[in-house]
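Chain by chain, the residues run as shown.
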Amino acid sequence: MAEKIRLEDIIDTLREERDELNLQLHLARAEVKQEWEQLERKFENLEARFDSFGNEAKASAGEVAASLRQVAAELDKAYKRLRKSWR
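Within each chain, residues carry numbers counting from 1 in the order of the written sequence. Side-chain atom pairs in this predicted model are given and counted only at pLDDT of 80 or more, local residue features only at pLDDT of at least 70, and totals for whole chains, interfaces and linings cover all residues. Side-chain measures were taken over the full set of non-hydrogen atoms in the model, leaving aside hydrogen atoms and water.

## Quick word on the overall build of the protein chain
And then number 1: Note on conventions: DSSP H or I runs of at least 4 residues are helices, E runs of at least 2 residues are strands, and numbering of each starts at the N terminus. Regarding its fold elements, the protein chain presents two helices and zero strands.
And then number 2: Burial statistics for the protein chain: of 87 residues in total, 11% are counted as buried.
And then number 3: For the protein chain, the exposed area adds up to about 7700 Å²; of that, 55% sits on carbon and sulfur atoms. Partly exposed describes any residue whose relative accessible area lies between the buried limit of under 20% and the exposed limit of over 50%, with all areas from a 1.4 Å probe on protein chains only and scaled to the type maximum. For the area figures, the Shrake-Rupley method with a 1.4 Å probe applies, and any residue is considered shielded solely by the protein chains shown.

This is the structure:
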């Protein structure tokens, strides 16, 4: 009987840990999804700015290109960080 009580305690503890991990996983998914949505908006903005890049005045073309490169680098870094967090 004592053995059954100890096993029940172990299972109860494991159940609590499992539930907590499941909640943390759910929250992590929501957090990753939210970050992904932010990155998607940023990428769409980058694409739109790139599409209009040829229409920019030549005087500011270098500044626009530098800005586009910076946004692209930020997105690349964020994508790599997300990919690493999924492994």
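Text resumes after the structure shown.
## Side note on the nonpolar core
And then number 1: To qualify as a nonpolar core, a set must consist of buried Ala, Val, Leu, Ile, Met, Phe, Trp, Tyr and Cys residues joined through side-chain atoms within 4.5 Å. Leu39, Leu46, Val64, Leu68, Val71, Leu75, Ala78 and Leu82 together form the largest nonpolar core, which totals eight residues.
And then number 2: Of all the elements in the fold, those that place two or more residues in this core are helix H1 (2-51) and helix H2 (58-86).

## A few points about the pattern of salt bridges
And then number 1: In what follows, salt bridge is the name for a side-chain nitrogen of Lys or Arg lying within 4 Å of a carboxyl oxygen of Asp or Glu. Inspection of every chain in the model, using the stated rule, returns five salt bridges.
And then number 2: Arg81 is paired through a salt bridge with Glu35; the nearest N and O atoms lie 2.0 Å apart. Here Glu35 lies in helix H1 and Arg81 lies in helix H2, a separation of 46 residues in the sequence.
And then number 3: Owing to a relative accessible area of 44%, Arg81 belongs among the partly exposed residues under this scheme.

## Structural notes on the environment of Ala65
And then number 1: Along the chain, Ala65 falls in helix H2.
And then number 2: In this structure, the C-alpha to C-alpha distance between Ala65 and Phe50, residues 15 residues apart in sequence, is 8.4 Å.

## Here's the deal with a nonpolar patch on the surface
And then number 1: A cluster of nonpolar side chains, Leu7, Ile10, Ile11 and Leu14, forms an exposed patch at the surface whose accessible area comes to about 370 Å².
And then number 2: Looking at the secondary structure, you find Ile10 in helix H1.
And then number 3: With a relative accessible area of 48%, Ile10 lands in the partly exposed category. Within the patch definition used here, like charges are joined within 9 Å and nonpolar side chains (Val, Leu, Ile, Met, Phe, Trp, Tyr) within 5 Å, considering only residues with over 30% relative accessible area and no salt bridge.

## Things to note about the side chain of Glu35
And then number 1: Accessibility expressed as a relative area gives 19% for Glu35, which makes it buried.
And then number 2: We call two residues in contact whenever any of their non-hydrogen atoms come within 4.5 Å of each other. Beyond its immediate stretch of four places on either side in the chain, Glu35 contacts Arg81 and Leu82.

## Notes on the packing of aromatic side chains
Working definition: an aromatic ring pair is given by the centre-to-centre distance plus the angle between the planes.
And then number 1: Centres within 6.5 Å are what make two rings of Phe, Tyr or Trp a pair, Trp counting through its six-membered ring; a difference in plane orientation under 30 degrees is then read as stacked, over 60 as edge-to-face, and the rest as tilted. On inspection of all chains with the given rule, the structure shows one aromatic pair.
And then number 2: Between Trp36 and Tyr79, the ring centres sit 5.7 Å apart and the planes meet at 40°, which makes this aromatic pair tilted. In this pair, Trp36 sits in helix H1 while Tyr79 sits in helix H2, placing the two residues 43 residues apart along the sequence.
And then number 3: Its relative accessible area of 36% is what places Trp36 among the partly exposed residues.

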